[in-house]
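Secondary and tertiary structure notes
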Amino acid sequence: MRYFFRVEYDGTRFGGWQYQPNAISVQQLIDEALTVILRTPCGVTGAGRTDAGVHARGQGAHFDAPEEIDTERLTTSLNALLPYDIAVYGMTAVNPGFHARYSASSRMYKYYFADRKSPLSHKRAWAVYYPIDWNRVDNEIKCLSGPRDFTAFCSSGTDSKSMVCDISFADVSVHDNGARIFTIRANRFIYKMVRSLVGTLVDIGRGRLSDSLDLIINSKDRNKAGETAPACGLVLEWVDYGGADACPISKRLGSEAGR
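These lines cover the structure that appears in this document, whether it is placed above or below. (Residues numbered from 1 in each chain as written. Predicted model: local features only at pLDDT ≥ 70, side-chain atom pairs only at ≥ 80, totals over all residues. Heavy atoms only, no water.)

1. A closer look at the overall build of the protein chain
Within the protein chain, the secondary structure is distributed over six helices and ten strands. Since a compact globule built from 259 residues should have a radius of gyration of about 18 Å, the 19 Å found for the protein chain is in line with a globular shape. Each principal axis of the C-alpha distribution contributes one length, and for the protein chain these read about 60 × 40 × 35 Å. Expressed as a percentage of the 259 residues in the protein chain, the buried residues total 50%. Relative to all contacts within the protein chain whose residues are 6 or more apart in sequence, the contacts with residues 24 or more apart total 70%. When the accessible surface of the protein chain is summed, it comes to about 12700 Å², and 47% of that surface belongs to carbon and sulfur atoms. (Helix = DSSP H or I, 4+ residues; strand = E, 2+ residues; numbered from the N terminus. Rg over C-alpha atoms; globule rule 2.2 N^0.38 Å. Buried < 20%, exposed > 50% of the residue type's maximum accessible area, 1.4 Å probe, protein only. Contact = heavy atoms within 4.5 Å. Areas by Shrake-Rupley, 256 points an atom, 1.4 Å probe, with all protein chains shown as cover.)

Here's what the structure looks like:
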């Protein structure tokens, strides 16, 4: 039987979600814990392959078990066995055709900024000390709506055949403490795209880049874009399965996406 669950993790000490030859990964530790508890080799498939240092609040994942399991009991056992910086929740049975990656209809990332040194935000936000014209940043992100080719924001090493991503939402919000959050939702993202976008927006906002974001996107030239933002501020906030016909939990889970 196939089971779906959510994963929340602090990515600080991991080499990313996916197995790495020279680093510990989130996927590896969940696989190992499931194998111990179920007493059979078990492989987990995730919705997104977050990079080293990137966090997640609503990563989606699935695995196959040889027989029906008590999901509440397994969740408790997994969380007891997993380290302090990984937790699973929302486990439920799904149809065999459901796939954590390919059944997803959209993914939402959030990037966190701090405007001062903040020990409580260490490894959770990018502390930006230089002046940023956030009004300009707000104007620049308006061009992100809809399907566009993001070749200019893809790092080398990608295995993506298409660079087109359809962005349905992009926004920068301000919290009472002065911190800012860049939120972006799309059907898919390419390798290091969000961090490249964030770094470019900051470089535009601080005057290091004179070209508009729209011109940089149209150039399809990575050299035209800005620096890649640090991994510490990025969170895979949610993976939505609202359009997954193969997933009987899609309506239930989809309603959580706006939380």
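2. With respect to the environment of serine 212
In this structure, serine 212 sits in the loop between helix 4 (193-205) and helix 5 (213-219). Judged by its relative accessible area of 23%, serine 212 falls in the partly exposed class. Separated by 191 residues in the primary sequence, serine 212 and proline 21 place their C-alpha atoms 39 Å from one another. In this view, serine 212 contacts Glu140 and Ile204; residues no more than four positions away in its chain are not counted.

3. Observations concerning the packing of helix 1 (residues 26-38) against helix 2 (residues 71-81)
At a minimum axis separation of 10 Å, helix 1 and helix 2 run at an interaxial angle of 125°. Taken as axis vectors, helix 1 and helix 2 run oblique relative to one another. In the packing of helix 1 onto helix 2, the handedness of the crossing is right-handed. Contacts from Ala33, Leu34, Val36, Ile37 and Leu38 in helix 1 reach Leu74, Ser77, Leu78 and Leu81 in helix 2. Partitioning the contact of helix 1 with helix 2 into residue classes produces eight nonpolar, one polar and no charged. (Axes fitted to C-alpha atoms, helices over the stretch in contact; angles between N-to-C directions. Parallel < 35°, antiparallel > 145°, perpendicular 65-115°, else oblique. Left-handed = near helix turned anticlockwise from the far one by under 90°. Nonpolar A, V, L, I, M, F, W, Y, C, P; charged D, E, K, R; others polar.)

4. A look at the state of the cysteines
When the sulfur atoms of two cysteines share a covalent bond, that bond is a disulfide. Applying the stated criterion across every chain, the model contains zero disulfides. There is no disulfide at cysteine 154, and the cysteine sulfur nearest it, in cysteine 165, is 8.8 Å away. Owing to a relative accessible area of 0%, cysteine 165 belongs among the buried residues under this scheme. (Disulfide = S-S within 2.5 Å.)

5. A short note on unusual backbone geometry
Positioned with a positive phi, arginine 39 is a non-glycine residue whose angle comes to about 60°. At lysine 123, a residue that is not glycine, the phi angle is positive and equals roughly 65°. Its place among the elements puts lysine 123 in the loop between strand 5 (106-114) and strand 6 (126-127). Looking at lysine 123, the relative accessible area reads 40%, which means it is partly exposed.

6. Focus on the pairing of strand 9 (residues 180-186)
The buried count for strand 9 comes to five of seven residues, which makes it a mostly enclosed element. Direction of pairing for strand 5 relative to strand 9: antiparallel, over a ladder of seven bridges. Each bridged residue has a counterpart across the sheet, and for methionine 108 the counterpart in strand 9 is arginine 185. Of the pairings in the sheet, the one linking strand 8 (residues 164-174) to strand 9 comprises seven bridges and is antiparallel in character. Considered in strand 9, the bridge of phenylalanine 169 is made with arginine 185. Hairpin connection between strand 8 and strand 9: a loop of five residues separates the two successive antiparallel strands, and glycine 178 in this loop has a positive phi of roughly 90°. (Pairing = 2+ DSSP bridges.)

7. Side note on the packing of aromatic side chains
Counting across every chain of the model gives twelve aromatic pairs. A ring pair is formed by tyrosine 109 and phenylalanine 189, whose centres lie 5.1 Å apart and whose planes are at 85°; its orientation type is edge-to-face. In this pair, tyrosine 109 is assigned in strand 5 and phenylalanine 189 in the loop between strand 9 and helix 4, connecting sequence segments 80 residues apart. The rings of Tyr111, Phe113, Trp126 and Trp134 are connected pair by pair, giving a single aromatic cluster. Its guanidinium or amino end placed over the ring of tryptophan 238, arginine 6 lies 3.7 Å from that ring's centre, counting from NZ or CZ. The residue whose ring lies beneath arginine 206 is tyrosine 130, and the NZ or CZ to ring-centre distance is 3.5 Å. (Phe/Tyr/Trp six-rings, centres within 6.5 Å; stacked < 30°, edge-to-face > 60°. Lys NZ or Arg CZ within 6 Å of the ring centre and 35° of its normal.)

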